Amino acid sequence: KAKEAGKNGYQFYNSQMTELAFARIELEKSISDALKLKQFKPYFQVKVDAQDKSVVGFEALIRWIHPTKGIIPPDDFIPFAEEIGIIVDINKFMMQESMIIFKRFKAKGLKCGMLSVNVSSEQLGDYSYVEDVEECLKNTGFDAKDLDIEILEGQNIENKNRVAEILRSLKGLGTTMSIDDFGTGYSSLTYLKKLPIDNLKIDRSFVRDIPKNKDDMSLVQTIIALARSLHLKVIAEGVETKEQAEFLKKSGCNVLQGYYFSRPIPEHECEIYLKAKS
Ligand code: C2E
Ligand code: MG
Ligand code: MG
Ligand code: MG
């Protein structure tokens, strides 16, 4: 009996595994099809100067415009895309598309400021990322000084020296560098000091409960003081209310981003937004 149960158990497990494997293969295929069919689109979220609320730039955030499932958010496919490696091609596509759109804005006389793109630290393991950035800059004629790279700390930044070296190469191209979701990752102060970083983005989990949570408020002020002593600019993400914006400004935060100013929007809405500003 035990043997039978064991056998059934094994078969059950086995067929589940097979199903899972099929689902993964299907997802893998649909992601690579989506890339070929250009179903990935950058949406843009504005970053404003904390003092005068002028446009500092935009962060490009990927959306999967799926023909039947609607708009799929990044959290639903980016982790898998990272796992299977296709993220490298997706990020390159996103970077190039965003640069082309920014060039279009500029040709229309619109002041769109800096373009920020996302990359996870795992992808910074070799120089091919630097080559991708160089290639996109060359293909589009985009000015490297207007490019900002937001780095998401991975859980296992194994080769920290290597990453530091690659960041230095990127800086050599003329880009700026930001640490994304700061406060949730694993970077030590020594590591931060070693990296050629320009900006710290305070994770939105620290902003969300302001002004209710006094601990979060002093934590944010501590992060700002830390950034100051490292000569970094501070950006707060996830700003949803006027009170939050006021508090962050008062505390010395340089740049603000969040639904209070704008949600991430597609190109045509972004153009309308910029036209209204100028
Ligand atoms: P992130 O880079 O930290 O981006 C901020 C996320 O917070 C975005 O979610 C944005 O829509 C959301 N957000 C902005 N303001 C507010 C607010 O006021 N309230 C709330 N509740 N949320 C706000 P999104 O667009 O879903 O992106 C999630 C993550 O996916 C990003 O986090 C980034 O890590 C990743 N991601 C997005 N696009 C790309 C990409 O092209 N390449 C890579 N590798 N990762 C990407
Ligand atoms: Mg980001
Ligand atoms: Mg972030
Ligand atoms: Mg995030």
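Residues numbered from 1 in each chain as written. Chains lettered and ligands numbered in written order. Predicted model: local features only at pLDDT ≥ 70, side-chain atom pairs only at ≥ 80, totals over all residues. Heavy atoms only, no water.

The name given to the chain in an unreviewed UniProt entry is EAL domain-containing protein, with the source organism recorded as Sulfurimonas aquatica.

**Overview of the coordination of the magnesium ion (ligand 2)**
The textbook angles at a metal center are 109.5 degrees for a tetrahedron of four donors and 90 or 180 degrees for an octahedron of six. Stated precisely, the cut-off is as follows: Metal coordination here is assigned from N, O and S atoms located within 2.8 Å of the ion, or within 3.2 Å for Na, K and Ca; omission of water means that sites may look incomplete. What counts as a helix is a DSSP run of H or I of at least four residues, what counts as a strand is a run of E of at least two, and both are numbered from the N terminus. The cut-offs for exposure are 20% and 50% of the maximum accessible area for each residue type, with area from a 1.4 Å probe on protein chains only; residues under the lower value are buried, those over the upper are exposed, and the others partly exposed.
Protein-derived ligands of the magnesium ion (ligand 2) are Glu59 (OE), Asn118 (OD1), Glu150 (OE) and Asp180 (OD), with the metal-ligand distances lying across 2.0 to 2.2 Å. Donor residues for the magnesium ion (ligand 2) sit on one chain with the sequence pattern E-x58-N-x31-E-x29-D. Distance-wise, the magnesium ion (ligand 3) is placed 4.0 Å from the magnesium ion (ligand 2), both being coordinated by Asp180. Remark: Asp180 occurs in strand β6 (residues 176-182) and Glu150 occurs in strand β5 (residues 147-152); sequence separation between them is 30 residues. Take Glu150: its relative accessible area is 0%, and that puts it in the buried class.

**Describing the site of ligand 1**
Convention followed: Only heavy atoms are used to decide nearness, and a residue is near a molecule or strand if one of them lies within 4 Å of it. Any pair of nitrogen or oxygen atoms within 3.5 Å is treated as a polar contact; in protein, a donor-acceptor pairing is required on top of that, and neighbouring residues in sequence qualify only through side-chain atoms on both sides. In these tables, accessible area is a Shrake-Rupley quantity obtained with a 1.4 Å probe, and a residue counts as shielded only by the protein chains included in the view. With a 1 Å grid spanning the protein atoms alone, the term cavity applies to any set of points in which a 1.4 Å probe fits but cannot get out, the term pocket to an open set with protein on both sides within 12 Å along at least five of seven lines, and the term lining residue to any residue with an atom within 4 Å of a point. Being in a pocket or cavity means that more than half of the molecule's atoms lie within 2 Å of its grid points.
Around ligand 1 lies a shell of 22 residues, among which Arg63, Asn91, Arg204, Glu240 and Tyr259 are the nearest. Contact distances for ligand 1 include 2.8 Å between an oxygen atom and a side-chain N or O atom of Arg63. The contact in question runs from a nitrogen atom of ligand 1 to an N or O atom on the side chain of Glu240, over 2.5 Å. Computed on the free molecule, ligand 1 has an accessible area of 800 Å², of which 88% lies beneath the protein chains in the complex. More than half of the atoms belonging to ligand 1 lie within 2 Å of the grid points that define the largest pocket. Looking at the shell around ligand 1, the elements that each hand over two or more residues are β2 (55-66), α3 (87-107) and β6. Among the elements that make up the shell around ligand 1, the one with the highest residue count is β2 (4 residues).

**As for the pattern of salt bridges**
Pairing between side chains becomes possible if they bear opposite charge and their charged atoms approach one another. Definition in use: Salt-bridge detection follows one rule: a side-chain nitrogen of Lys or Arg within 4 Å of a carboxyl oxygen of Asp or Glu.
With the rule as written, the count across this model stands at 18 salt bridges. Notably, a salt bridge pairs Glu271 with Lys108, separated by 3.0 Å at the nearest N-O pair. Residue Glu271 is located in helix α10 (residues 267-277), and its partner Lys108 is located in the loop between α3 and β4 (114-120); the two are separated by 163 residues in the primary sequence. A salt bridge links Lys201 to Glu237, with the shortest nitrogen-to-oxygen separation between them at 3.8 Å. In this pair, Lys201 is assigned in strand β7 (residues 199-202) and Glu237 in the loop between β8 (233-236) and α9 (242-250), connecting sequence segments 36 residues apart. In this structure, a network of salt bridges that share partners links the residues Lys47, Glu59, Asp148, Glu150, Lys201 and Glu237.

**As for the nonpolar core**
Test applied: We call a set of buried Ala, Val, Leu, Ile, Met, Phe, Trp, Tyr and Cys residues a nonpolar core when their side-chain atoms join them within 4.5 Å. Whether two residues are in contact is decided by their heavy atoms: any pair within 4.5 Å suffices.
Residues Phe40, Leu147, Ile149, Leu170 and Leu256 are the most contacted members of the largest nonpolar core, which totals 79 residues. Element by element, the count of residues in this core is highest for α3, at 9 residues. If sequence neighbours within four positions are ignored, Leu256 has contacts with Val46, Lys47, Val48, Ala50, Ala236, Val239, Ala245, Leu248 and Phe261.

**A look at the packing of α3 against helix α4 (residues 128-140)**
Rules: Here the axes come from fitting lines to C-alpha atoms, over the contacting stretch only for helices, and the angles between their N-to-C directions go from 0 to 180 degrees. Every angle not falling under 35 degrees, over 145, or within 65 to 115 is termed oblique; those three ranges are roughly parallel, roughly antiparallel and roughly perpendicular. Note: crossing handedness is left-handed where the near helix turns anticlockwise from the far helix by less than a right angle, and right-handed where it turns clockwise. Under the grouping applied here, Gly and all other residues not named as nonpolar or charged are polar, the nonpolar ones being Ala, Val, Leu, Ile, Met, Phe, Trp, Tyr, Cys and Pro and the charged ones Asp, Glu, Lys and Arg.
The geometry of α3 relative to α4 is characterised by a closest axis approach of 10 Å and an angle of 30° between their N-to-C directions. Judged by the inter-axis angle, α3 sits roughly parallel to α4. Classified by chirality, the crossing of α4 by α3 is right-handed. Residues Val88, Lys92, Met95, Gln96, Met99, Ile100 and Lys103 of α3 lie in contact with α4, whose contacting residues are Tyr129, Asp132, Val133, Glu135, Cys136, Leu137, Asn139 and Thr140. Among the residues forming the contact of α3 with α4, the class breakdown is 8 nonpolar, 3 polar and 4 charged.

**Section: the packing of aromatic side chains**
Condition: Note on ring pairs: Phe, Tyr and Trp rings are taken, using the six-membered ring of Trp, and paired if centres are within 6.5 Å. Classes follow the plane angle, with under 30 degrees stacked, over 60 edge-to-face and the rest tilted.
Taken as a whole and judged by the stated rule, the model has 9 aromatic pairs. Consider the rings of Phe40 and Phe77, whose centres lie 5.3 Å apart with planes at 25°: the pair is stacked. Here the residue Phe40 occupies a position in strand β1 (residues 40-49), and Phe77 occupies one in the loop between β3 (70-72) and α2 (78-84), the gap between them amounting to 37 residues. A single burial state applies to Phe40 and to Phe77, both of which are buried. Seen from their ring centres, Phe58 and Phe102 are 6.2 Å apart, and the 85° between their planes marks the pair as edge-to-face. A residue pair is termed long-range when its members are at least 10 positions apart, and Phe58 in strand β2 and Phe102 in helix α3 qualify at 44 residues. Side by side, Phe58 and Phe102 carry an identical accessibility label, which is buried. An aromatic cluster is defined as three or more aromatic residues linked by ring pairs; in this entry it consists of Phe44, Phe58, Phe102, Phe105, Phe142 and Tyr273.

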